[in-house]
Amino acid sequence: MHRSKLYFLLFSCPLLACNNEIPEVPAPDGSTGDDTTGTVTLNPTATVGDTEQETEASATGLDSSGGSSSSSDSGSSSSSDSGSSSSSGSSGSSSSGGPTCGDDSQDAGEQCDGTDLAGYNCVTIDMGFSGGTLACADDCTFDFSACEACGDDVIDGAEECDGADLGGATCNSLGFVDGMLTCAADCSFDTSGCDSCGNGVIDAGESCDGAALGGLDCTDLGMGFTGGTLACSMGCDYDTAACSGVPWPLAGELVITEIMQNPFVLADLDGEWFEVFNPAMGTSYQLGNCEIQGSPADMGFTVATDLVIGPQEYRIFATDSMVDQGFTADYQWTDTSFGLNNASDTVRIVCNGVTVDQVVYDDGATFPDPNGQSMSLSFPAYDAVANDLGANWCEGSTSYNGDFGTPGADNPECGVGVSYPIDFCRLQFPEVINQLQGTNVDVFGRLYSGGLTDLSGVNDPAPEVTGYVGYGPDGTNPAVDPGWTWVAGTPNAGYGPASPNYEANNDEYQATLTVPAPGTYDFAFRFTGDSGASFTYCDGQPAGSSDGYNPADAGQMTSNPPPPVNLYFSEYVEGTSNNKALEIYNASAGAANLGVCSVRFYFNGAVVIGNTINLAGNLAGNDVWVVCDDNIADTSFCDVLAPGSFYNGDDAIELVCGGVVQDVIGQIGFDPGVGWSSGGVSTLDSTLRRSCAVTMGDTNGANAFDPSVEWASFPVNTYTDLGQYICP
């Protein structure tokens, strides 16, 4: 029988519906030449690999034990151990132990049984299936319903596609950009006709895709580029049109020209910077990927962006501050990677492995060591060798945010003075003074200097700029009258938007004027912007100097004579350690202005003042004022706690008011040893109280001093009655 017919019978005939007789087929070629006709029995357990041996019995008609077998047309046979047996055609059972369908064991006469598929699957069954799942039906015949037949233009089971049936899939739906999707012979998608360029992912055969550059930039391509911007073409190849071939500088081709290592207005973490200059006339250089190195403690940093410095251009490198630095940096470093030490440090530029320039400053040994001013290379020394010498550097003198330097601009020549024009100035406040002689009055003046005072909205001082208050004869011009007296002032630290009549573009200075001898005077301000080489004089009124100086618009001062005073020391304490105190008594009926008074110490017989304590305030008549060492043990009675050195028993003490000596304890210019002593009264380790018989001080500090004449002595550290006038 033909093999296809056998398969047909095998897979289409229910197991128990067929009789037990196996159809006879001619013996295959190669059988014996006997005229005995053999039978071939289909063995359902054979695998597809057994196709060359698909008969269990041989064509010789012998059974498997080598004996003979017989067949008849009756469709039945009998055999037993004695040579006979019987069987019936009833389904699913055998009285003699025949095959049992449903026991998960494929037996003779069964195609399969449960999970036992006799080793077959959808493909090896050779029925034209390409895959799927072969199963066994309840009647122990094969179930092909889950087998797949690839090539029938219908998607079955696990097939992705089948012929022209793509299930609606396209190149786009599979993540490709464009192209033609087809189905392969094994019913899987064939994406060879799909295009992935443009999906933003670097796929096989692509150098790049959109913004995905594989982590490379222009310098990584090995094409000689030093910077620029690498892109990706529409064909997913590198586009180098924006890459740059600007060369890296070689040794000496760039110069470090300015370093701010110790800012004052801003903290170091906000205000440090340095400047680089390109002295070439026609060549630009690439700083991208160059390294900035410092001391061994610094990690340094790499310029991680394209940074070109053109001919005669500056580039500023600064710390990464979030505040206004007073300039715009070209590149900022992180504080954790780099910093400029205030004392000694190195700034080095390395490009493509070549040291281009470096500066090693030395804590003031040869380089300047400023605070709030840059180290500025003198303009004539703009050279990578000349900047190695500290003598070619000086302190920055141009204010940019209150600190001084010229970030991004030419440095001045060292040793040549910088000047600022005084474009406007004014006597601000007060415009009238009417005080006692010796009174100290704070006077304020304002100025405008374009490019300086208009920088920050508060004071923008410069070393070359100073304001002075002065007074002179009434109705005179200070520019030509030599009779004027001037006192230098300082920028008013409290000036700002909250100040009275605030002017954002002006700076304000203040100076203290001491009211001179009784009389009438003019007073005014003056400013210099060139360290005193020239002055602009400022009268009052809103116009100030804008309409020139007019004596009629100057400040008017009247000095009044102080009322007669009679002040003298009424108690003296020279105790242990810092227990020192002096009591001053106003023997006058009226109040005394202490603002014109001071206490002076002359140490160890000196004629030169060793320490001065300036007094303040008014002292009522018949009242006392107590001046104490600021480290005295008990301060409850002290009106003034004065710092500085105090006296010992051998030091002379003088009280002066308005330039007039009021009293002296001791003898100026004479050293008595450990103290002045007489009649059991000593200036050493004792408290002295002035006798009630004394009504004025000893105004002659040059005469001999005998403490027993006017003073009574009390034990050391006695000061229970200080602060009240009690005389013995």
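The present account deals with the structure reproduced in this document. Since this is a predicted model, take the numbers as computed values, not measurements. (Residues numbered from 1 in each chain as written. Predicted model: local features only at pLDDT ≥ 70, side-chain atom pairs only at ≥ 80, totals over all residues. Heavy atoms only, no water.)

Concerning the pattern of salt bridges
- This model, assessed by the stated rule, comprises ten salt bridges.
- Measuring nitrogen to oxygen at the nearest pair gives 2.4 Å for the salt bridge that ties Lys 580 to Glu 574. Across the pair, Glu 574 and Lys 580 agree in class, each one buried.
- The shortest N-O distance in the salt bridge between Asp 721 and Arg 689 comes to 2.8 Å. With Asp 721 in the segment after strand 48 (711-714) and Arg 689 in strand 47 (residues 686-690), this residue pair connects regions lying 32 residues apart in the sequence. Each of the two residues, Asp 721 as well as Arg 689, counts as buried.
- One connected set of salt bridges, linked through shared partners, spans Arg 426, Arg 446, Glu 503 and Glu 508. (Salt bridge = Lys/Arg side-chain N within 4 Å of Asp/Glu carboxyl O. Buried < 20%, exposed > 50% of the residue type's maximum accessible area, 1.4 Å probe, protein only. Helix = DSSP H or I, 4+ residues; strand = E, 2+ residues; numbered from the N terminus.)

Concerning the pairing of strand 27 (residues 440-448)
- Sheet topology places strand 25 (residues 424-429) next to strand 27; five bridges connect them, and they run antiparallel. Paired with Phe 429 across the strands is Phe 444, a residue of strand 27.
- Looking at chain direction, strand 27 and strand 31 (residues 507-514) are connected through eight bridges and run antiparallel. Paired with Arg 446 across the two strands is Glu 508, which belongs to strand 31. (Pairing = 2+ DSSP bridges.)

Regarding the state of the cysteines
- Across all of its chains, the model carries 15 disulfides by this definition.
- At a sulfur-sulfur separation of 1.9 Å, the disulfide partner of Cys 171 is Cys 194. Taking the sign of the S-S torsion, -75 degrees for the link of Cys 171 and Cys 194, the bridge is left-handed. With Cys 171 in the loop between strand 4 (147-148) and strand 5 (178-179) and Cys 194 in strand 8 (residues 194-195), this pair connects stretches of sequence that are 23 residues apart. (Disulfide = S-S within 2.5 Å.)

Observations regarding the sheet that holds strand 16 (residues 291-293)
- Strand order in the open sheet made by the four strands is 17-16-21-22, with antiparallel pairing throughout. If you trace the sheet from one side to the other, it starts and ends with strand 17 (301-302) and strand 22 (354-362), each paired once.
- Of the strand pairs in this sheet, strand 21 (residues 344-351) and strand 22 are connected by eight bridges, and their pairing is antiparallel. Within the sheet, the bridge partner assigned to Asp 345 lies in strand 22 and is Tyr 361.

Some details on the sheet that holds strand 42 (residues 640-642)
- Read from one edge to the other, the open sheet built from six strands follows the order 42-41-36-35-47-48, with strand pairing classed as mixed. The open sheet has two free edges, formed respectively by strand 42 and strand 48, since each of these has just one partner strand. Across the sheet, the mean angle from the axis of one strand to that of its neighbour is 25 degrees, orientation sign disregarded.
- Pairing geometry for strand 47 and strand 48, over four bridges, is antiparallel. By the bridge assignment, Arg 689 is partnered in strand 48 with Ala 712. (Axes fitted to C-alpha atoms, helices over the stretch in contact; angles between N-to-C directions.)

Let's talk about the side chain of Gln 111
- Turning to its location among the elements, Gln 111 is positioned in the loop between helix 1 (3-12) and strand 1 (131-132).
- Within polar-contact distance, the side chain of Gln 111 engages the backbone nitrogen of Phe 142 at 2.8 Å. (Polar contact = N/O pair within 3.5 Å; in protein donor to acceptor, adjacent residues only side chain to side chain.)

Digging into unusual backbone geometry
- Note the cis peptide between Phe 429 and Pro 430, where omega equals -10 degrees.
- Non-glycine residue Asp 153 carries a positive phi angle of around 65 degrees.
- With respect to the helices and strands, Asp 153 occurs in the loop between strand 4 and strand 5.
- The phi dihedral of Asn 717 falls on the positive side, at around 60 degrees, and the residue is not glycine.
- Tracing the chain through its elements places Asn 717 in the segment after strand 48.

Some remarks on the nonpolar core
- With 36 residues, the main nonpolar core has Ile 259, Phe 274, Leu 287, Phe 301 and Phe 317 as its most contacted residues.
- Going through the elements one at a time, strand 13 (255-260), strand 14 (273-277), strand 19 (314-319), strand 20 (331-333), strand 21, strand 22 and strand 23 (375-377) are the ones with two or more residues in this core.
- If we ignore the near neighbours within four places in the chain, the residues touching Phe 274 are Glu 258, Ile 259, Ile 292, Arg 315, Ile 316, Phe 317, Trp 333, Phe 338 and Val 347.
- Of all hydrophobic cores here, the second largest spans 31 residues; its members include Tyr 572, Ala 592, Ile 613 and Val 640. (Core = buried A, V, L, I, M, F, W, Y, C linked by side-chain atoms within 4.5 Å. Contact = heavy atoms within 4.5 Å.)

Points about the side chain of Glu 574
- On the secondary structure map, Glu 574 appears in strand 35 (residues 567-574).
- According to the relative accessible area criterion, Glu 574 is buried, its value standing at 3%.
- At 2.6 Å, the side chain of Glu 574 and the backbone nitrogen of Asp 685 are in polar contact.
- Not counting residues within four places of it along the chain, the set of residues in contact with Glu 574 comprises Asn 579, Lys 580, Tyr 647, Asn 648, Gly 649, Thr 683, Leu 684, Asp 685, Ser 686 and Val 716.

These figures capture arrangement, not role.
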